[in-house]
Amino acid sequence: MMEEIVRYSACAAGRVQGVGFRMFVRQQALAHEIAGWVKNMTDGTVTMELQGAQRDIDAAFAAIRAGNMFVRVERLDIESRDPLADDRDFSIRY
């Protein structure tokens, strides 16, 4: 049985720019077989869309919330989206 594919958009605020956060998000996506993208915004936040199995998305968001020694996510606002049929890879957008 195939797991249902879900998609979420999220906006992260905190110490998330200039600290390798986009690469960190991409590493989580690759580790959990998640498609989508991540992008720095002019207001200092980072937006992303993640698509994959719910348990993989949950694991990635847990790691993103936890951050690392450089990243500190103070707020992560998440909204459900409709999955995209042709989204297969994960990119950093500029």
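Rules and cut-offs
- Residues numbered from 1 in each chain as written.
- Predicted model: local features only at pLDDT ≥ 70, side-chain atom pairs only at ≥ 80, totals over all residues.
- Heavy atoms only, no water.
- UniProt positions renumbered as here; feature names shortened; annotations may be inferred.
- Helix = DSSP H or I, 4+ residues; strand = E, 2+ residues; numbered from the N terminus.
- Contact = heavy atoms within 4.5 Å.
- Pairing = 2+ DSSP bridges.
- Axes fitted to C-alpha atoms, helices over the stretch in contact; angles between N-to-C directions.
- Core = buried A, V, L, I, M, F, W, Y, C linked by side-chain atoms within 4.5 Å.
- Buried < 20%, exposed > 50% of the residue type's maximum accessible area, 1.4 Å probe, protein only.

## Looking at the UniProt feature "active site" (unreviewed entry) in the chain
The feature "active site" (unreviewed entry), as annotated in UniProt, sits at Arg22 and Asn40 in this numbering. Taken along the chain, the residues just named run across 19 residues; in space they keep tight, none of their C-alpha pairs more than 7.7 Å apart. By the secondary structure assignment, Arg22 is in helix 1 (residues 21-31). Beyond its immediate sequence surroundings of up to four residues, Arg22 is in contact with Val38, Lys39, Asn40, Val46, Ile92, Arg93 and Tyr94.

## Concerning the sheet that holds strand 1 (residues 5-15)
The mixed open sheet is built from 5 strands, whose spatial order is 4-1-3-2-5. Each end of this open sheet is capped by a strand with a single partner; those strands are strand 4 (72-81) and strand 5 (90-93). Direction aside, neighbouring strands of the sheet carry axes that sit 20 degrees apart on average. Bridge count between strand 1 and strand 4: 9 bridges; the pairing is antiparallel. Looking at strand 4, one finds that Gly14 is bridged to Val73.

## Regarding the nonpolar core
Of all hydrophobic cores here, the largest spans 23 residues; its most connected members are Phe21, Met48, Leu50, Phe61, Ile64, Val73 and Leu76. Secondary structure elements with two or more residues in this core: strand 1, helix 1, strand 3 (46-53), helix 2 (54-66), strand 4 and strand 5. Sequence-distant contacts of Leu76, defined by excluding residues within four places in its chain, comprise Ala10, Cys11, Ala12, Met48, Phe61, Ile64 and Arg65.

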